[in-house]
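These are the residues of each chain, in order.
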Amino acid sequence: MQGLIKLTLCVVLFISQICFCSASDRGTFFWATDMHVDIWGDSGNPEDMICAWTPSSQLLSAVAAMKEQNADPDFILVSGDIVHFPPRNSSDLSKQNILDTISSFTAWMVAEFPSTKLVPALGNHDHHPSNNWPVDVDDSAWLYNHLADIWSVWLEPDALETLGRTGWFSTDVAEGLRVITLNTNFFTVYNTYLPWNTTIADEQFTWFEGELERALSDNVKVYINGHHPAVGVHIEGGVEVGGLWPLYQQKFTMLYQTYADNIVASFWGHDHVDEARVVRGCSYTGPNPDVDSSGVNSCGGDAVGIAFVGQALTNCQVPAFREWSFDKSSFELVDYDQFWFQEDEEGVMTWPLQYRWSEAYTEMDDMKPESWRGEIERMQTNATAFDAFIERRGLIECESGSKCQQFTLCNYLFGSGHAEFLSCLWDSF
Ligand SMILES: *[C@@H]1O[C@H](CO)[C@@H](O)[C@H](O)[C@H]1NC(C)=O
Ligand SMILES: *[C@@H]1O[C@H](CO)[C@@H](O)[C@H](O)[C@H]1NC(C)=O
Ligand SMILES: *[C@@H]1O[C@H](CO)[C@@H](O)[C@H](O)[C@H]1NC(C)=O
(Lines give C-alpha, C1' and ligand atoms only; values in the text may rest on other atoms or scores of the structure.)
(Ligands and ions follow the chains in the order given, each with its own letter.)
Protein backbone atom coordinates (compact mmCIF):
# COMPACT_ATOMS: atom_id res chain seq x y z
CA MET A 1 0.00 0.00 0.00
CA GLN A 2 2.72 2.39 1.05
CA GLY A 3 4.61 1.46 -2.06
CA LEU A 4 1.59 2.36 -4.16
CA ILE A 5 1.19 5.73 -2.44
CA LYS A 6 4.86 6.42 -2.96
CA LEU A 7 4.59 5.46 -6.59
CA THR A 8 1.47 7.60 -7.08
CA LEU A 9 3.15 10.53 -5.36
CA CYS A 10 6.16 10.05 -7.54
CA VAL A 11 4.09 9.98 -10.73
CA VAL A 12 2.12 13.05 -9.64
CA LEU A 13 5.33 14.92 -8.83
CA PHE A 14 6.85 13.84 -12.10
CA ILE A 15 3.82 14.97 -14.12
CA SER A 16 3.53 18.29 -12.29
CA GLN A 17 7.23 18.80 -12.90
CA ILE A 18 6.73 18.32 -16.63
CA CYS A 19 3.71 20.62 -16.67
CA PHE A 20 5.54 23.22 -14.67
CA CYS A 21 8.56 23.12 -16.95
CA SER A 22 6.61 23.21 -20.19
CA ALA A 23 4.39 26.07 -18.99
CA SER A 24 7.30 28.27 -18.00
CA ASP A 25 9.18 27.41 -21.18
CA ARG A 26 6.36 28.66 -23.37
CA GLY A 27 6.04 32.20 -24.62
CA THR A 28 2.95 33.63 -26.30
CA PHE A 29 2.16 36.34 -28.78
CA PHE A 30 -0.91 37.63 -30.55
CA TRP A 31 -0.96 38.01 -34.30
CA ALA A 32 -3.43 40.27 -36.10
CA THR A 33 -3.39 41.52 -39.65
CA ASP A 34 -5.48 43.64 -42.01
CA MET A 35 -7.44 45.43 -39.28
CA HIS A 36 -8.70 48.06 -41.78
CA VAL A 37 -9.94 50.30 -39.01
CA ASP A 38 -12.70 52.74 -39.92
CA ILE A 39 -12.89 55.25 -37.07
CA TRP A 40 -16.18 56.65 -38.41
CA GLY A 41 -17.82 53.23 -38.71
CA ASP A 42 -20.72 52.08 -36.57
CA SER A 43 -20.87 48.38 -35.76
CA GLY A 44 -24.65 48.75 -35.30
CA ASN A 45 -25.02 49.69 -38.94
CA PRO A 46 -24.80 46.67 -41.30
CA GLU A 47 -23.70 48.99 -44.13
CA ASP A 48 -20.53 49.72 -42.17
CA MET A 49 -19.72 46.04 -41.48
CA ILE A 50 -18.28 45.33 -44.92
CA CYS A 51 -15.02 44.06 -46.35
CA ALA A 52 -12.05 46.23 -45.30
CA TRP A 53 -14.14 48.46 -43.06
CA THR A 54 -13.85 47.62 -39.37
CA PRO A 55 -15.73 50.01 -37.08
CA SER A 56 -13.74 51.13 -34.01
CA SER A 57 -16.12 49.36 -31.63
CA GLN A 58 -15.62 46.05 -33.44
CA LEU A 59 -11.83 46.43 -33.33
CA LEU A 60 -12.00 47.40 -29.66
CA SER A 61 -13.99 44.26 -28.91
CA ALA A 62 -11.21 42.21 -30.52
CA VAL A 63 -8.54 43.92 -28.45
CA ALA A 64 -10.58 43.42 -25.28
CA ALA A 65 -11.02 39.73 -26.18
CA MET A 66 -7.25 39.39 -26.62
CA LYS A 67 -6.67 40.90 -23.23
CA GLU A 68 -9.25 38.65 -21.61
CA GLN A 69 -7.53 35.66 -23.18
CA ASN A 70 -4.05 36.72 -22.11
CA ALA A 71 -3.23 40.09 -20.57
CA ASP A 72 0.51 39.50 -20.65
CA PRO A 73 1.72 38.14 -24.00
CA ASP A 74 5.42 38.47 -24.81
CA PHE A 75 4.62 40.71 -27.78
CA ILE A 76 1.98 41.48 -30.43
CA LEU A 77 2.66 41.09 -34.13
CA VAL A 78 0.69 43.11 -36.69
CA SER A 79 1.17 42.49 -40.41
CA GLY A 80 -0.16 45.70 -41.94
CA ASP A 81 -3.20 47.46 -43.35
CA ILE A 82 -4.28 49.25 -40.20
CA VAL A 83 -6.34 51.69 -42.30
CA HIS A 84 -9.68 50.99 -44.02
CA PHE A 85 -10.46 51.01 -47.74
CA PRO A 86 -12.29 52.12 -49.92
CA PRO A 87 -12.78 55.74 -48.77
CA ARG A 88 -16.16 56.65 -47.24
CA ASN A 89 -16.34 59.77 -49.35
CA SER A 90 -14.12 62.13 -51.29
CA SER A 91 -12.59 63.69 -48.19
CA ASP A 92 -11.79 60.36 -46.52
CA LEU A 93 -8.32 58.76 -46.51
CA SER A 94 -6.49 62.05 -46.59
CA LYS A 95 -3.03 62.04 -45.07
CA GLN A 96 -4.52 63.41 -41.87
CA ASN A 97 -7.23 60.69 -41.78
CA ILE A 98 -4.57 58.03 -42.14
CA LEU A 99 -2.43 59.48 -39.37
CA ASP A 100 -5.52 59.78 -37.13
CA THR A 101 -6.53 56.17 -37.78
CA ILE A 102 -3.08 54.77 -37.03
CA SER A 103 -2.84 56.99 -33.92
CA SER A 104 -6.22 55.75 -32.65
CA PHE A 105 -5.28 52.13 -33.21
CA THR A 106 -1.98 52.69 -31.40
CA ALA A 107 -3.71 54.38 -28.46
CA TRP A 108 -6.19 51.49 -28.08
CA MET A 109 -3.38 48.93 -28.05
CA VAL A 110 -1.36 50.91 -25.51
CA ALA A 111 -4.44 51.32 -23.30
CA GLU A 112 -5.12 47.55 -23.18
CA PHE A 113 -1.52 46.30 -23.30
CA PRO A 114 0.54 49.05 -21.66
CA SER A 115 3.62 46.91 -21.14
CA THR A 116 3.54 44.77 -24.29
CA LYS A 117 5.64 45.54 -27.33
CA LEU A 118 3.68 45.92 -30.56
CA VAL A 119 5.49 45.16 -33.83
CA PRO A 120 3.53 46.55 -36.79
CA ALA A 121 4.35 46.24 -40.48
CA LEU A 122 3.01 48.70 -43.06
CA GLY A 123 0.46 47.66 -45.66
CA ASN A 124 -0.48 49.21 -48.97
CA HIS A 125 -3.48 51.00 -47.37
CA ASP A 126 -1.44 52.73 -44.67
CA HIS A 127 -0.46 55.49 -47.08
CA HIS A 128 -2.03 58.27 -49.15
CA PRO A 129 -2.70 57.55 -51.90
CA SER A 130 -2.93 53.77 -51.42
CA ASN A 131 -0.79 51.17 -53.18
CA ASN A 132 1.87 53.07 -55.09
CA TRP A 133 4.32 53.85 -52.34
CA PRO A 134 6.80 56.53 -53.41
CA VAL A 135 10.34 55.20 -53.86
CA ASP A 136 11.65 58.55 -52.71
CA VAL A 137 11.17 58.16 -48.97
CA ASP A 138 11.15 61.93 -48.43
CA ASP A 139 7.70 61.96 -50.06
CA SER A 140 6.44 59.79 -47.20
CA ALA A 141 8.22 61.63 -44.39
CA TRP A 142 4.79 62.86 -43.14
CA LEU A 143 3.96 59.20 -42.37
CA TYR A 144 7.28 57.71 -41.26
CA ASN A 145 8.10 60.60 -38.92
CA HIS A 146 4.71 60.29 -37.29
CA LEU A 147 5.09 56.52 -36.81
CA ALA A 148 8.53 56.95 -35.27
CA ASP A 149 6.92 59.39 -32.90
CA ILE A 150 3.87 57.36 -31.80
CA TRP A 151 5.61 53.96 -31.82
CA SER A 152 8.49 55.23 -29.71
CA VAL A 153 6.59 53.82 -26.71
CA TRP A 154 7.87 50.38 -27.74
CA LEU A 155 10.78 50.73 -30.09
CA GLU A 156 14.45 51.41 -29.44
CA PRO A 157 16.43 54.25 -31.09
CA ASP A 158 17.90 51.95 -33.79
CA ALA A 159 14.46 50.71 -34.82
CA LEU A 160 13.02 54.24 -34.75
CA GLU A 161 15.81 55.45 -36.97
CA THR A 162 14.96 53.08 -39.87
CA LEU A 163 11.20 53.21 -39.22
CA GLY A 164 11.28 57.01 -39.29
CA ARG A 165 13.04 57.06 -42.64
CA THR A 166 11.77 54.00 -44.55
CA GLY A 167 9.11 52.11 -42.58
CA TRP A 168 11.25 49.00 -41.98
CA PHE A 169 12.90 48.08 -38.66
CA SER A 170 14.03 45.22 -36.48
CA THR A 171 13.47 44.81 -32.77
CA ASP A 172 14.05 42.20 -30.07
CA VAL A 173 10.81 40.82 -28.63
CA ALA A 174 12.21 38.32 -26.13
CA GLU A 175 15.64 37.36 -24.84
CA GLY A 176 17.07 35.61 -27.93
CA LEU A 177 14.32 36.47 -30.41
CA ARG A 178 14.25 39.30 -32.96
CA VAL A 179 11.49 40.32 -35.37
CA ILE A 180 12.62 41.80 -38.68
CA THR A 181 9.79 43.85 -40.16
CA LEU A 182 9.94 44.63 -43.87
CA ASN A 183 8.17 47.40 -45.74
CA THR A 184 6.98 45.15 -48.58
CA ASN A 185 5.39 48.13 -50.36
CA PHE A 186 8.87 48.51 -51.83
CA PHE A 187 8.76 45.01 -53.35
CA THR A 188 5.17 44.57 -54.42
CA VAL A 189 4.17 43.94 -58.00
CA TYR A 190 1.69 46.80 -58.28
CA ASN A 191 4.09 49.45 -57.07
CA THR A 192 4.68 50.83 -60.55
CA TYR A 193 7.45 53.15 -59.41
CA LEU A 194 9.70 50.15 -58.93
CA PRO A 195 10.40 49.14 -62.53
CA TRP A 196 11.89 52.62 -63.03
CA ASN A 197 13.78 53.00 -59.82
CA THR A 198 14.74 50.11 -57.55
CA THR A 199 17.16 52.08 -55.37
CA ILE A 200 14.97 51.87 -52.28
CA ALA A 201 14.03 48.22 -52.85
CA ASP A 202 17.69 47.31 -53.20
CA GLU A 203 18.54 49.32 -50.12
CA GLN A 204 15.94 47.36 -48.17
CA PHE A 205 17.38 44.08 -49.40
CA THR A 206 20.86 45.08 -48.35
CA TRP A 207 19.52 46.08 -44.94
CA PHE A 208 17.56 42.81 -44.66
CA GLU A 209 20.62 40.73 -45.42
CA GLY A 210 22.65 42.77 -42.93
CA GLU A 211 20.00 42.18 -40.26
CA LEU A 212 19.96 38.42 -40.89
CA GLU A 213 23.74 38.39 -40.57
CA ARG A 214 23.64 40.50 -37.43
CA ALA A 215 21.03 38.18 -35.84
CA LEU A 216 23.30 35.23 -36.57
CA SER A 217 26.31 36.86 -34.96
CA ASP A 218 24.20 38.03 -31.99
CA ASN A 219 22.97 34.44 -31.65
CA VAL A 220 19.29 35.42 -31.73
CA LYS A 221 16.55 33.66 -33.70
CA VAL A 222 14.46 35.54 -36.27
CA TYR A 223 10.77 35.89 -37.09
CA ILE A 224 10.08 37.85 -40.29
CA ASN A 225 7.07 40.16 -40.44
CA GLY A 226 5.63 41.98 -43.46
CA HIS A 227 2.45 42.76 -45.34
CA HIS A 228 2.59 41.28 -48.87
CA PRO A 229 3.41 37.56 -48.69
CA ALA A 230 6.94 37.13 -50.05
CA VAL A 231 6.04 33.79 -51.61
CA GLY A 232 3.04 32.59 -53.62
CA VAL A 233 0.07 34.35 -55.16
CA HIS A 234 -3.41 35.15 -53.91
CA ILE A 235 -6.24 32.98 -55.21
CA GLU A 236 -9.85 34.06 -54.99
CA GLY A 237 -11.92 32.82 -57.90
CA GLY A 238 -8.92 33.65 -60.10
CA VAL A 239 -5.41 34.78 -59.36
CA GLU A 240 -4.70 38.21 -58.03
CA VAL A 241 -1.04 38.93 -58.40
CA GLY A 242 -0.65 41.00 -55.27
CA GLY A 243 2.62 39.68 -53.90
CA LEU A 244 6.18 40.57 -54.80
CA TRP A 245 7.79 41.15 -58.18
CA PRO A 246 9.18 37.71 -59.12
CA LEU A 247 12.69 39.15 -58.95
CA TYR A 248 12.24 40.03 -55.27
CA GLN A 249 10.45 36.78 -54.54
CA GLN A 250 13.50 34.96 -55.86
CA LYS A 251 15.94 37.11 -53.92
CA PHE A 252 13.87 36.63 -50.76
CA THR A 253 13.91 32.85 -51.23
CA MET A 254 17.68 32.77 -51.72
CA LEU A 255 18.26 34.89 -48.64
CA TYR A 256 15.84 32.81 -46.56
CA GLN A 257 17.68 29.66 -47.60
CA THR A 258 21.07 31.10 -46.64
CA TYR A 259 19.85 31.95 -43.14
CA ALA A 260 17.28 29.15 -42.83
CA ASP A 261 18.80 27.67 -39.67
CA ASN A 262 18.31 30.95 -37.88
CA ILE A 263 14.88 31.98 -39.21
CA VAL A 264 11.98 30.26 -37.44
CA ALA A 265 9.06 31.50 -39.55
CA SER A 266 7.66 34.41 -41.54
CA PHE A 267 4.28 36.14 -41.04
CA TRP A 268 2.28 38.05 -43.67
CA GLY A 269 -1.10 39.64 -44.31
CA HIS A 270 -2.75 41.23 -47.36
CA ASP A 271 -4.51 38.16 -48.78
CA HIS A 272 -7.12 37.92 -45.98
CA VAL A 273 -6.92 34.11 -45.83
CA ASP A 274 -5.55 31.53 -43.42
CA GLU A 275 -2.71 29.77 -45.22
CA ALA A 276 0.77 28.28 -44.85
CA ARG A 277 3.15 28.40 -47.82
CA VAL A 278 6.44 26.58 -48.03
CA VAL A 279 9.74 28.30 -48.93
CA ARG A 280 11.87 25.87 -50.99
CA GLY A 281 15.63 25.82 -51.22
CA CYS A 282 17.41 26.62 -54.48
CA SER A 283 20.13 24.62 -56.15
CA TYR A 284 22.94 26.46 -57.92
CA THR A 285 25.01 25.77 -60.99
CA GLY A 286 28.19 26.77 -59.15
CA PRO A 287 29.62 25.28 -55.97
CA ASN A 288 29.45 28.47 -53.91
CA PRO A 289 25.94 29.88 -53.75
CA ASP A 290 26.18 33.59 -53.25
CA VAL A 291 23.02 35.62 -52.90
CA ASP A 292 24.58 38.46 -54.86
CA SER A 293 25.21 36.43 -57.97
CA SER A 294 23.08 34.46 -60.38
CA GLY A 295 23.68 30.77 -61.02
CA VAL A 296 20.33 29.57 -59.67
CA ASN A 297 19.48 26.24 -61.18
CA SER A 298 16.11 25.54 -59.60
CA CYS A 299 14.20 26.63 -56.46
CA GLY A 300 12.16 23.50 -55.81
CA GLY A 301 14.39 21.84 -53.21
CA ASP A 302 13.86 21.00 -49.55
CA ALA A 303 11.44 23.02 -47.46
CA VAL A 304 13.72 25.59 -45.84
CA GLY A 305 11.12 28.02 -44.57
CA ILE A 306 7.48 28.70 -43.89
CA ALA A 307 5.27 31.69 -44.69
CA PHE A 308 2.11 32.05 -42.63
CA VAL A 309 -0.61 34.21 -44.18
CA GLY A 310 -3.15 35.48 -41.67
CA GLN A 311 -6.91 35.67 -41.83
CA ALA A 312 -7.89 39.35 -41.74
CA LEU A 313 -9.29 41.11 -38.71
CA THR A 314 -11.91 42.77 -40.90
CA ASN A 315 -15.26 41.87 -42.42
CA CYS A 316 -14.11 40.22 -45.67
CA GLN A 317 -14.78 36.79 -44.28
CA VAL A 318 -15.23 36.02 -40.58
CA PRO A 319 -12.70 38.32 -38.88
CA ALA A 320 -10.10 36.53 -36.75
CA PHE A 321 -6.91 36.90 -34.73
CA ARG A 322 -4.46 34.33 -33.45
CA GLU A 323 -2.63 33.58 -30.22
CA TRP A 324 0.61 31.66 -30.78
CA SER A 325 2.72 29.81 -28.28
CA PHE A 326 6.42 29.25 -28.79
CA ASP A 327 9.26 27.47 -27.07
CA LYS A 328 11.30 30.00 -25.14
CA SER A 329 14.63 28.38 -25.83
CA SER A 330 14.40 27.24 -29.47
CA PHE A 331 11.72 29.81 -30.42
CA GLU A 332 10.01 27.12 -32.49
CA LEU A 333 6.26 27.61 -32.78
CA VAL A 334 4.41 25.12 -30.60
CA ASP A 335 0.69 25.72 -31.17
CA TYR A 336 -1.89 28.40 -31.87
CA ASP A 337 -5.50 29.23 -31.10
CA GLN A 338 -7.47 31.17 -33.68
CA PHE A 339 -10.38 33.26 -32.39
CA TRP A 340 -13.10 34.53 -34.68
CA PHE A 341 -15.87 37.08 -34.60
CA GLN A 342 -19.48 36.40 -33.63
CA GLU A 343 -22.26 38.92 -33.19
CA ASP A 344 -25.66 38.02 -31.76
CA GLU A 345 -29.07 39.55 -32.53
CA GLU A 346 -28.58 42.21 -29.85
CA GLY A 347 -25.29 43.25 -31.39
CA VAL A 348 -23.18 41.68 -28.62
CA MET A 349 -19.73 40.98 -30.08
CA THR A 350 -17.66 37.99 -28.92
CA TRP A 351 -14.52 36.20 -30.14
CA PRO A 352 -14.79 32.46 -29.41
CA LEU A 353 -12.19 29.87 -30.40
CA GLN A 354 -12.43 28.97 -34.10
CA TYR A 355 -9.86 26.20 -33.93
CA ARG A 356 -6.61 25.07 -32.31
CA TRP A 357 -3.71 24.06 -34.54
CA SER A 358 -2.86 20.88 -32.60
CA GLU A 359 -6.47 19.71 -32.86
CA ALA A 360 -6.94 20.63 -36.53
CA TYR A 361 -3.59 19.33 -37.80
CA THR A 362 -3.47 16.03 -35.95
CA GLU A 363 -1.03 14.42 -38.37
CA MET A 364 1.68 17.05 -37.86
CA ASP A 365 4.36 16.64 -35.18
CA ASP A 366 5.57 20.22 -35.21
CA MET A 367 5.43 23.43 -37.27
CA LYS A 368 8.78 23.12 -38.99
CA PRO A 369 8.90 23.76 -42.75
CA GLU A 370 9.33 20.09 -43.70
CA SER A 371 6.31 19.16 -41.58
CA TRP A 372 4.17 21.72 -43.40
CA ARG A 373 5.42 20.40 -46.71
CA GLY A 374 4.39 16.88 -45.67
CA GLU A 375 0.98 18.10 -44.52
CA ILE A 376 0.30 20.00 -47.75
CA GLU A 377 1.45 17.06 -49.87
CA ARG A 378 -0.91 14.86 -47.84
CA MET A 379 -3.77 17.19 -48.88
CA GLN A 380 -3.10 16.25 -52.52
CA THR A 381 -4.52 12.79 -51.92
CA ASN A 382 -6.57 13.09 -48.75
CA ALA A 383 -9.85 14.87 -49.52
CA THR A 384 -10.87 15.05 -45.85
CA ALA A 385 -7.70 16.92 -44.92
CA PHE A 386 -7.98 19.24 -47.93
CA ASP A 387 -11.67 20.06 -47.37
CA ALA A 388 -11.09 20.81 -43.70
CA PHE A 389 -8.23 23.10 -44.66
CA ILE A 390 -10.33 24.96 -47.26
CA GLU A 391 -13.10 25.43 -44.73
CA ARG A 392 -10.67 27.10 -42.31
CA ARG A 393 -9.12 29.11 -45.15
CA GLY A 394 -12.48 30.46 -46.32
CA LEU A 395 -13.26 32.84 -49.20
CA ILE A 396 -13.33 30.32 -52.05
CA GLU A 397 -15.19 27.18 -52.95
CA CYS A 398 -12.48 24.74 -53.88
CA GLU A 399 -13.46 21.12 -54.28
CA SER A 400 -11.07 18.29 -53.72
CA GLY A 401 -10.20 16.65 -57.02
CA SER A 402 -10.69 19.92 -58.90
CA LYS A 403 -8.17 22.08 -60.74
CA CYS A 404 -8.67 24.59 -57.96
CA GLN A 405 -7.21 22.06 -55.53
CA GLN A 406 -4.12 21.49 -57.69
CA PHE A 407 -3.64 25.19 -58.21
CA THR A 408 -4.00 25.99 -54.50
CA LEU A 409 -1.60 23.27 -53.38
CA CYS A 410 0.99 24.16 -56.07
CA ASN A 411 0.85 27.68 -54.69
CA TYR A 412 1.66 26.47 -51.16
CA LEU A 413 4.26 23.93 -52.23
CA PHE A 414 6.10 25.90 -54.92
CA GLY A 415 5.06 29.52 -54.40
CA SER A 416 8.65 30.54 -53.66
CA GLY A 417 9.87 29.76 -57.19
CA HIS A 418 8.20 31.23 -60.24
CA ALA A 419 9.31 28.52 -62.68
CA GLU A 420 8.66 25.72 -60.18
CA PHE A 421 5.13 26.98 -59.55
CA LEU A 422 4.37 26.99 -63.29
CA SER A 423 5.88 23.57 -63.69
CA CYS A 424 3.81 22.19 -60.80
CA LEU A 425 0.70 23.54 -62.53
CA TRP A 426 1.79 22.06 -65.84
CA ASP A 427 2.30 18.66 -64.26
CA SER A 428 -1.10 18.67 -62.60
CA PHE A 429 -3.30 19.91 -65.47
C1 LIG B 1 -16.96 62.18 -45.15
O2 LIG B 1 -17.24 61.22 -44.14
C3 LIG B 1 -16.85 61.62 -42.84
C4 LIG B 1 -17.08 60.44 -41.93
O5 LIG B 1 -18.38 59.93 -42.06
C6 LIG B 1 -17.61 62.85 -42.42
O7 LIG B 1 -17.16 63.27 -41.13
C8 LIG B 1 -17.35 63.95 -43.43
O9 LIG B 1 -18.15 65.08 -43.10
C10 LIG B 1 -17.68 63.48 -44.84
N11 LIG B 1 -17.26 64.50 -45.78
C12 LIG B 1 -17.98 64.81 -46.86
C13 LIG B 1 -17.39 65.85 -47.75
O14 LIG B 1 -19.05 64.27 -47.12
C1 LIG C 1 15.84 56.75 -57.51
O2 LIG C 1 15.34 56.99 -56.21
C3 LIG C 1 16.27 57.47 -55.28
C4 LIG C 1 15.56 57.57 -53.93
O5 LIG C 1 15.17 56.29 -53.48
C6 LIG C 1 16.81 58.82 -55.73
O7 LIG C 1 17.79 59.27 -54.82
C8 LIG C 1 17.42 58.67 -57.12
O9 LIG C 1 17.79 59.93 -57.59
C10 LIG C 1 16.41 58.04 -58.06
N11 LIG C 1 17.07 57.75 -59.35
C12 LIG C 1 16.58 58.19 -60.49
C13 LIG C 1 17.37 57.76 -61.70
O14 LIG C 1 15.57 58.85 -60.57
C1 LIG D 1 -7.14 11.79 -44.08
O2 LIG D 1 -6.99 12.91 -43.23
C3 LIG D 1 -7.81 12.84 -42.08
C4 LIG D 1 -7.73 14.19 -41.39
O5 LIG D 1 -6.41 14.63 -41.25
C6 LIG D 1 -7.37 11.66 -41.22
O7 LIG D 1 -8.17 11.60 -40.07
C8 LIG D 1 -7.51 10.40 -42.03
O9 LIG D 1 -7.00 9.31 -41.30
C10 LIG D 1 -6.75 10.51 -43.35
N11 LIG D 1 -7.07 9.37 -44.19
C12 LIG D 1 -6.15 8.59 -44.71
C13 LIG D 1 -6.66 7.48 -45.61
O14 LIG D 1 -4.96 8.74 -44.53
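Parameters and conventions
Residues numbered from 1 in each chain as written. Chains lettered and ligands numbered in written order. Predicted model: local features only at pLDDT ≥ 70, side-chain atom pairs only at ≥ 80, totals over all residues. Heavy atoms only, no water. Buried < 20%, exposed > 50% of the residue type's maximum accessible area, 1.4 Å probe, protein only. Helix = DSSP H or I, 4+ residues; strand = E, 2+ residues; numbered from the N terminus. Pairing = 2+ DSSP bridges. Right-handed = clockwise from strand over helix to strand, strands pointing away. Axes fitted to C-alpha atoms, helices over the stretch in contact; angles between N-to-C directions. Parallel < 35°, antiparallel > 145°, perpendicular 65-115°, else oblique. Contact = heavy atoms within 4.5 Å. Nonpolar A, V, L, I, M, F, W, Y, C, P; charged D, E, K, R; others polar. Left-handed = near helix turned anticlockwise from the far one by under 90°. Disulfide = S-S within 2.5 Å.

The name an unreviewed UniProt entry assigns to the protein chain is Calcineurin-like phosphoesterase domain-containing protein, from the organism Triparma laevis f. longispina.

Peer 1: Quick question: what am I supposed to make of the pairing of strand β5 (residues 117-120) here?
Peer 2: The side chains of a regular strand alternate between the sheet's two faces. Taking every second residue as pointing to the same face, both faces of β5 are buried, with Lys117 and Val119 on one and Leu118 and Pro120 on the other. Where strand β4 (residues 75-78) and β5 come together, four bridges link them in parallel fashion. Note on β5: the bridge partner recorded for Val78 is Pro120. Taken together, β4, helix α3 (residues 95-112) and β5 constitute a β-α-β crossover, and its handedness is right-handed.

Peer 1: Just checking my understanding: could you explain the sheet that holds strand β6 (residues 169-174) for this structure?
Peer 2: In a beta sheet, neighbouring strands are held together by backbone hydrogen bonds and run either parallel or antiparallel to one another. Judged by pairing direction, the sheet is mixed, and its six strands sit side by side in the order β6-β7-β8-β11-β15-β12 without closing on themselves. Only two strands of the sheet have a single neighbouring strand rather than two, namely β6 and β12 (275-280). Within this sheet the neighbouring strands show an average axis-to-axis angle of 25°, counted without direction. Where strand β11 (residues 263-268) lies against strand β15 (residues 303-309), three bridges are found, and the strand directions are parallel. Its bridge partner being in β15, Phe267 is matched across the sheet by Phe308.

Peer 1: Help me out: how do you make sense of the packing of helix α4 (residues 141-150) against helix α5 (residues 157-166) in this one?
Peer 2: Look at α4 against α5: their axes get within 6 Å of each other, and the N-to-C directions meet at 155°. With respect to their mutual orientation, α4 and α5 come out roughly antiparallel. Seen from α4, the contacting residues are Tyr144, Asn145, Leu147 and Ala148; seen from α5, they are Leu160, Leu163, Gly164, Arg165 and Thr166. When grouped by side-chain class, the residues that make up the contact of α4 with α5 number five nonpolar, three polar and one charged.

Peer 1: How should I be thinking about the packing of helix α2 (residues 56-69) against α3 in this particular structure?
Peer 2: For any two helices packed against each other, one specifies the crossing angle of their axes together with the interaxial distance. Look at α2 against α3: their axes get within 10 Å of each other, and the N-to-C directions meet at 25°. Taken together, the axes of α2 and α3 lie roughly parallel to each other. Where α2 crosses over α3, the handedness of that crossing is right-handed. Note on element contacts: α3 touches α2 through Phe105, Trp108, Met109 and Glu112, opposite Ser56, Leu59, Leu60, Val63, Ala64 and Lys67.

Peer 1: Help me out: how do you make sense of the state of the cysteines in this one?
Peer 2: By definition, a disulfide links the sulfur atoms of two cysteines through a covalent bond. As enumerated under the stated definition, the model contains four disulfides in all. Two residues, Cys51 and Cys316, share a disulfide whose sulfurs are 1.9 Å apart. Taking the sign of the S-S torsion, 90° for the link of Cys51 and Cys316, the bridge is right-handed. Separated by 265 residues along the polypeptide, Cys51 in the loop between β2 (37-38) and β3 (54-55) and Cys316 in the loop between β15 and β16 (320-327) bring together distant segments of the chain. The exposure class assigned to Cys51 is partly exposed, which follows from its relative accessible area of 40%. Here Cys410 engages in a disulfide with Cys424; their sulfurs sit 2.1 Å apart. When the S-S torsion is -80°, as for the bridge of Cys410 with Cys424, the disulfide is left-handed. Separated by 14 residues along the polypeptide, Cys410 in helix α11 (residues 403-414) and Cys424 in helix α12 (residues 418-428) bring together distant segments of the chain. This pair shows no difference in class: Cys410 is buried, exactly as Cys424 is.

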